[in-house]
Amino acid sequence: MATSPQLETVESADYLNAEYGVKSWLLTTDHKRIAILYLASITFMFFIGALFALVIRLELLVPDGTLVQADTYNKMFTMHGLVMIFFFLIPSIPTVLGNFLIPLMIGAKDVAFPKLNLMSWYIFIVGAGMFIYTILTGGLDTGWTFYTPLSTSFVSSSVVIGALSIFVVGFSSILTSLNFIVTVHKLRAPGMTWGRLPLFVWASYATSVIIVLGTPLIAISMALVALERIFGIGFFDPLLGGDPLLFQHLFWFYSHPAVYVMILPGMGIISEIITCFSRKGVFGYWSMALAILAIAVFGFLVWAHHMFVAGISVYSALVFSFLSYFVAVPSAIKVFNWTATMYRGSLYLTTPMLYALAFIGLFTIGGMTGLFLASLGFDVHVTDSYFVVAHFHYIMVGGMVTAFLGGMHFYWPKISGRMYPESWGQVAAAVIFIGFNLTFFPQFILGYLGMNRRYWHYAPQFQVLNVLSTAGASILGIGYLLPLGYFAWSLRYGRRVGDNPWTAAGLEWKTPSPPPTHNFPETPVVTWEAYNYAELPKDIEILREETFAGD
Amino acid sequence: MFPLWPISASTMARQVDGLYIFLIVVTGTVTLFICAVMLIFIFRYRHSKHPVAEQVTGSLPLELTWIVVPLGVFMIFFIWGANIYVAEATPPKDSLQIYVVAKQWMWKTQHENGEREINTLHVPVDRDVRLTMISQDVIHSFWVPEFRIKADVLPGRYTTLWFRANRTGTFHLFCSEFCGTQHSGMIGKVVVLDGAKYQEWLTNGGEMGSFAATGQKLFQELGCANCHRFDTQGRGPNLVGVYGKPVLLSRGTSVIADDAYIRQHILNPGFQVVAGFKPIMPSFQGIVTEDQMLSLVAYIKSLATPQQREPVSNRPPVPKSAGAPEVQ
Amino acid sequence: MPEISQSAALSFREAIDRHSLHEHFADLPQQREAAKLGMWVFLATEVMFFGGMILGYIAYRNAYPAAFQAGSVHMLFVAGTLNTALLITASLFVALAVHAAREGRRKALVWCLAISMFLGVCFLGVKGYEYYQHYLDHKVPTRTFQWDGPDPRHAEMFFVLYFFLTGFHALHMIIGVSILAFIIYFAQRGRYTPEYHNPVENAALYWHFVDIVWIFLYPMLYLVGHTHV
């Protein structure tokens, strides 16, 4: 099918060319432009975090390496964790894909509070700026978990500014989430009932609720650490009767739900991708939606599973271990349902689909190892070891980053109006998959063997597995650079696309690519169910043309 | 070659290994199954071979199955792990008591016979050993991978750990909670010796006297004995037989006089005043180190069982009662 | 004559309403509901923020009840009670202001907000006075802290919580007072109508929330040690 005639004229008004100039971008209130601003910011922060990871893996090539000194190494893993979690993983899908897609998916012209949306981005920039300042003025070497009294009384790095930068960037999250919650409640087009929402909207909504309720706790944790350091007031000081475990409770009460903040939007994206490339509605729509909500609720009830050996009572430990198994059930439901969605579908192995399939496999492994960790007797041995490091990287990188890349590929034509080169996409996906597994699978073995996390030097018998891990990391790094390259290339040379190159379901695909500033000329009226693939053409438009595969 | 599985050197290790293998087998099977199913679907339902999707979008029985069955399996994981954990939290009654003080960046261990070690811990094989631990500064964690046991070591509070080594040899000790610059250097060895060799090592240490005797000396030097007399005349309670028993506090509640109670009392006496006594005990915060504190605890503990007592001045030959302290 | 001025007045209001409607909303009611929901969501985050500190208070008070009781005895009971009265009265006037806004009574709106703002500033003044007294009394928990009684360290922890809780609360009061100042300015210029006065409603919600936090802090900090007054 040929592209529709109007796209031959380059000057059709879309959000990208509606206005020109730096000011029009920096003062925009268009959710789509704000999404692009965020895309640039989080990509930048991702590569800073990746640089820290590079130093870590290079140092760990030999058991007693001196590429960096111990203090510097401690700063590397601390800042790697903080940058990746707070300045990449938590914002990424919500602020980029969420901002771009939610109004489009529900038939709205923008989010509920567009100016607040822009302010959220500026707050993010201030927080990121403060963190970069922290990096440049001595860094942070407390571990991303800031445990007291180490962070309050025993290190001399830039803890105050670092902690406050987290406080600030937390506000950015909160305001974005507030915006999304009100948008989903109040700005849905007529006929767009909750039961017709794409699962990505459900996932973004649940994520926003978690952020709104949980982030203030990290704010207060960081504020208390900063106040203790600034004024010498010993809130966590054992000398005053202060309890270091109180900090851990306050910290993990946020930081555990935070991991669901990181993964839920990714799960939403996977549902969008798998349905499109199976040409089928999702298996068990309401189970999937309720599973998302269940993950959000249960996610708040399990925080002390990070503290099984910290000195909590046996009774607490039993309760938290028990509850941790409950949060695994909805995640399992999702994995089974995605697989069942593919059953008797009509599958295309495009780049987004490859990422989605990788997500299912890697998230499953990560999730399964979470079951290991929830088992008390097992956790005692491996907590604080590389087993845990491998577990969360399987979920965060194997899950979340994979989903982000899948989403970026799937929505790139909508966002930019251009298609990326598909064969490069597939190559990059394969490189990333191989590199990722080589990096992190050996770490499960290392953890059980006895290699501790946050160790600058390690026992010599762990070296071979560490070398494998570093080799994998270099491959992974190359894999991440590839999309950066070909997405940029596609902005100039990628083929232009019509409204719905993937012939996908959803309101967002009923707009031009890229969409105009106000999304819809008139508010649409929705009369169809979500994922109505039965009513759509069975073939994917862009894949019917031979030229696509040859790009 | 490089190892892929750690040695098992304690009674707990085999149990944890068993759990691990069970977890691997069950979750591995399910994971492989899911991957296999996906591969089959990719092959069977690829667009070129299966051009039209069939809208199979739900099945309540199937969904219920894959909610209930995983939950059941998870409960097995939970119970198995919980059993091990509860056992690890319950030191057997006649455990050999060893004290551990952690500080940046070394481990100081103290045996009851007075033997002290830095970054090493000698223990006998096939004997229950209980560690009472505290940190002088930040949170550390005591991990012996070959025993599969670990516990955080906290400032301001005692934590305990027990194990029973069932194999002689030298095993790694790692600090397992990030504690600053030399965290990865805060490592040591646990040396498990068979009975005879252990006795030999124990008595070779020199004439420093038992740990409780060190505490007794301190008890005298710091003036504790002036108020805590062993008769009813003291301004403070008689400490004989106090350890491990309930103590009535002036605010009406009662607490067990355990290690934590003794430590708290020495550092912050005003917090829990004993019924019938005036709040005049001075604080020894900053005067007593954690090592010294443990020796005092060991000494007071020794006052609980008459036969372990050392002869001291103003001590009655036979304690009047082994119950609550006498009230003025 | 009267009919012309009445229709002129109506179209002035209509003009404000039309100007107040942001283009991505379908109508004013939708915008109003969105604004209100947004404020409630924001207040939920504030509840969690103070909740974290209150959790700390609960943990430590449970562990050191006698010291917390003794610490509370040193609170300035009269000042705290006066402050409670000031804040509750301020909330009353804020509620009256919202009522006035809903009925389009501009003068009443401005006066009620001004009184609330004044009472809020008085609250801050009294708080400042208390802090100063604590400073003179060596009850500020830094190296200058002095305590003559048993258990000084846990008593100091009480004061840590006192200053943190009331400090964050005072910060929110300052923000609330500033917000009221803005609202008064716009109200004075006739910016709000019965159909559009979201900022007034939302500012009121915020103010009531800050008041409710104080309703928790007052017994937690002042009444613990003054049950026999």
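The rules behind each value
Residues numbered from 1 in each chain as written. Chains lettered and ligands numbered in written order. Predicted model: local features only at pLDDT ≥ 70, side-chain atom pairs only at ≥ 80, totals over all residues. Heavy atoms only, no water. Helix = DSSP H or I, 4+ residues; strand = E, 2+ residues; numbered from the N terminus. Rg over C-alpha atoms; globule rule 2.2 N^0.38 Å. Buried < 20%, exposed > 50% of the residue type's maximum accessible area, 1.4 Å probe, protein only. Contact = heavy atoms within 4.5 Å. Areas by Shrake-Rupley, 256 points an atom, 1.4 Å probe, with all protein chains shown as cover. Core = buried A, V, L, I, M, F, W, Y, C linked by side-chain atoms within 4.5 Å. Buried area = accessible area lost by both parts, 1.4 Å probe. Salt bridge = Lys/Arg side-chain N within 4 Å of Asp/Glu carboxyl O. Polar contact = N/O pair within 3.5 Å; in protein donor to acceptor, adjacent residues only side chain to side chain. Patch = residues over 30% accessible without salt bridge, like charges linked within 9 Å, V, L, I, M, F, W, Y side chains within 5 Å. Arc of directions from axis to C-beta. Phe/Tyr/Trp six-rings, centres within 6.5 Å; stacked < 30°, edge-to-face > 60°. Lys NZ or Arg CZ within 6 Å of the ring centre and 35° of its normal. Domains from an automatic or database assignment. Pairing = 2+ DSSP bridges. Lys, Arg positive; Asp, Glu negative; His and termini not counted. pLDDT = per-residue confidence, 0-100. Axes fitted to C-alpha atoms, helices over the stretch in contact; angles between N-to-C directions.

Asker: Any chance you could explain the overall build of chain C here in plain terms?
Answerer: Along the backbone of chain C there are seven helices and zero strands. Moving toward the C terminus, one meets the helices and strands of chain C in the order α-α-α-α-α-α-α. Whereas a compact globule of 229 residues would reach a radius of gyration of roughly 17 Å, chain C reaches 22 Å, over 25% beyond that. Residues counted as buried form 50% of the 229 residues belonging to chain C. Counting only contacts in chain C whose residues sit at least 6 apart along the sequence, the fraction spanning at least 24 positions is 81%. In the structure as shown, chain C presents an accessible area of about 11000 Å², 68% of it carried by carbon and sulfur atoms.

Asker: Looking at this model, I keep getting lost on the nonpolar core. Mind explaining?
Answerer: Nonpolar side chains tend to gather and get buried jointly when the protein is soluble and globular. Ranked by size, the top nonpolar core spans 343 residues in total, and within it F86(A), W502(A) and F142(B) carry the most contacts. No other element matches the 23 residues that helix α3 (residues 70-106) of chain A contributes to this core. In terms of nonpolar packing, the next biggest core, distinct from the first, is built from 33 residues, F211(B), A225(B), Y261(B) and I262(B) among them.

Asker: I'm lost on the interface of chain C and chain B in this one. Help?
Answerer: By a frequent convention, interface size equals the accessible area lost on bringing the separate parts together. Of the residues lining the interface, six residues belong to chain C; the matching set on chain B comes to seven residues. Carbon and sulfur atoms supply 53% of the area buried between chain C and chain B, which totals about 570 Å² over both sides. At the junction of chain C with chain B, the criterion picks out zero salt bridges. The interface formed by chain C and chain B includes four residue pairs in polar contact (both at pLDDT 80 or more).

Asker: How should the interface of chain B and chain A be read in this particular structure?
Answerer: The interface is formed by 78 residues belonging to chain B together with 92 residues belonging to chain A. Interface area, chain B with chain A, both sides summed: about 7400 Å², of which 70% is carbon and sulfur. Considering only the surface of chain B that becomes buried against chain A, W66(B), Y85(B) and F178(B) emerge as the three largest contributors, covering 10% of it. For the interface between chain B and chain A, the tally reads one salt bridge. Linking E54(B) and R344(A) is a salt bridge whose minimum nitrogen-to-oxygen distance equals 3.2 Å. Where chain B touches chain A, the interface holds 34 residue pairs in polar contact (both at pLDDT 80 or more). At the level of elements, α1 (11-44), α2 (60-88), β7 (149-153) and β9 (169-175) of chain B are the ones that each hand at least two residues to the side of chain B that touches chain A. A per-element tally of the side of chain B that touches chain A places α2(B) first, with 16 residues.

Asker: Where do I start with a nonpolar patch on the surface in this structure?
Answerer: Taken together, the side chains of L4(B), W5(B), I21(B), I24(B) and V25(B) present a nonpolar region at the surface, about 450 Å² in accessible area. Locating V25(B) in the fold gives a position in helix α1.

Asker: Got a minute to help me understand helix α3 (residues 65-73) of chain C in this structure?
Answerer: Counting along an α-helix, one turn takes 3.6 residues, and residues three or four places apart therefore face a common direction. Residues and elements named next belong to chain C. Buried within α3 we find A67, F68, G71 and S72. Mapping the buried residues of α3 onto a view down its axis gives an arc of 135°, with all of them on the same face. Residues of α3 that are buried sit in contact with α2 (28-63), α6 (152-188) and α7 (198-223).

Asker: Can you walk me through the pattern of salt bridges in this structure?
Answerer: When charged atoms on two side chains of opposite charge get close, those side chains can pair. All names here are of chain C. On inspection of all chains with the given rule, the structure shows 16 salt bridges over all chains. Close ionic contact of E201 with R102 constitutes a salt bridge, the shortest N to O distance being 2.9 Å. Taken together, the positions of E201 in helix α7 and R102 in helix α4 (residues 77-102) put the pair 99 residues apart, joining distant regions of the chain. Its relative accessible area of 45% is what places R102 among the partly exposed residues. Salt-bridge contacts for E103 lead to R105; the nearest nitrogen and oxygen are separated by 2.9 Å. Given a relative accessible area of 38%, R105 falls into the partly exposed group.

Asker: Looking at this structure, how should I read the packing of aromatic side chains?
Answerer: Note on aromatic pairs: each is described by the distance of the centres and the angle between the planes. On inspection of all chains with the given rule, the structure shows 102 aromatic pairs over all chains. Summarising the aromatic geometry, the rings of F147(B) and F163(B) are spaced 4.8 Å apart at their centres and angled 40° between planes, so their arrangement reads as tilted. One end of the pair, F147(B), is in the loop between β6 (140-144) and β7; the other, F163(B), is in strand β8 (residues 159-164), and 16 residues separate them in sequence. Looking at F163(B), the relative accessible area reads 2%, which means it is buried. What links up through ring pairs into an aromatic cluster is the set F86(A), W144(A), F235(A), F236(A), F247(A), F251(A), W252(A), Y254(A), F271(B), Y60(C), Y64(C) and F164(C). A cation sits over an aromatic face here: R251(B) above F271(B), 5.8 Å from the ring centre.

Asker: Please clarify how the domain arrangement of chain B should be interpreted in this entry.
Answerer: Residues and elements named next belong to chain B. Split by domain assignment, chain B resolves into domain 1 (1-44 + 61-208) and domain 2 (211-316). Its C-alpha centre places domain 1 at a distance of 33 Å from the equivalent point of domain 2. With 19 residues of domain 1 at the interface, the matching set in domain 2 holds 13 residues. At the boundary of domain 1 with domain 2, total buried surface from both sides reaches about 1200 Å², with 57% on carbon and sulfur atoms. Across the contact surface, domain 1 and domain 2 share one salt bridge.

Asker: For this particular structure, what's the right way to read the pairing of strand β1 (residues 96-103) of chain B?
Answerer: The side chains of a regular strand alternate between the sheet's two faces. All names here are of chain B. Within β1, seven of the eight residues are buried, which leaves it mostly tucked inside the rest of the structure. Pairing geometry for β1 and strand β5 (residues 128-135), over seven bridges, is parallel. By the bridge assignment, Q97 is partnered in β5 with R130. Examined bridge by bridge, β1 and strand β2 (residues 106-111) share six bridges and lie antiparallel to one another. When the sheet's bridge partners are listed, I98 is paired in β2 with H111. In this antiparallel pair of consecutive strands, β1 and β2, the connection spans two residues.

Asker: How should the pairing of β9(B) be read in this particular structure?
Answerer: Residues and elements named next belong to chain B. Bridge count between β6 and β9: two bridges; the pairing is antiparallel. Looking at β9, one finds that W143 is bridged to F174. As paired elements, β9 and strand β10 (residues 187-193) share six bridges and run antiparallel to each other. Across the sheet, residue T170 finds its bridge partner in β10, namely V191.

Asker: How do you make sense of the side chain of E177(B) when you look at a structure like this?
Answerer: Residue placement: E177(B) occurs in the loop between β9 and β10. We note that E177(B) is buried and unpaired, the nearest opposite charge coming from R454(A) at a distance of 4.2 Å.

Asker: Just checking my understanding: could you explain the confidence of the model for chain B for this structure?
Answerer: Reading fine detail from the predicted coordinates is not recommended where pLDDT is low. When pLDDT is averaged along chain B, the result is 88, and 91% of the positions lie at 70 or above. Considering only residues more than four positions removed or in separate chains, one finds that residues 308-328 of chain B, a stretch of pLDDT under 50, has 41 contacts.

Asker: Before we go on, may I ask you to explain unusual backbone geometry in this structure?
Answerer: Comment: phi is negative for the bulk of residues other than glycine, and the bulk of peptide bonds are trans. Cis rather than trans, the peptide bond between S513(A) and P514(A) has omega equal to -5°. As for its placement among the helices and strands, P514(A) is situated in the loop between α15 (463-493) and α16 (546-550). Here the residue pair Q104(B) and W105(B) is connected by a cis peptide bond, since its omega of -5° sits within 30 degrees of zero. Structurally, W105(B) is set in the loop between β1 and β2. Of note, N519(A) is a non-glycine position whose phi angle comes to about 65°, a positive value.

Asker: I keep staring at the environment of D64(A) and nothing clicks. Help me out?
Answerer: As for its position among the elements, D64(A) is in the loop between α2 (31-59) and α3. Expressed as a C-alpha distance, the spacing of D64(A) and S316(A), which sit 252 residues apart in the sequence, is 39 Å.

Asker: Is there a simple way to think about the sheet that holds strand β4 (residues 120-124) of chain B in this case?
Answerer: Across a sheet, paired strands are connected by hydrogen bonds in the backbone, their directions being either parallel or antiparallel. Residue and element names in this part refer to chain B. Spatially, the five strands line up as an open sheet ordered β4-β10-β9-β6-β7, and their pairing is mixed. The open sheet terminates on both sides in strands that have one partner only, identified here as β4 and β7. Within the sheet, the average angular offset between the axes of one strand and its neighbour, ignoring direction, is 20°. Pairing between β6 and β7: five bridges, direction antiparallel. What sits directly across from W143, in β7, is K150.

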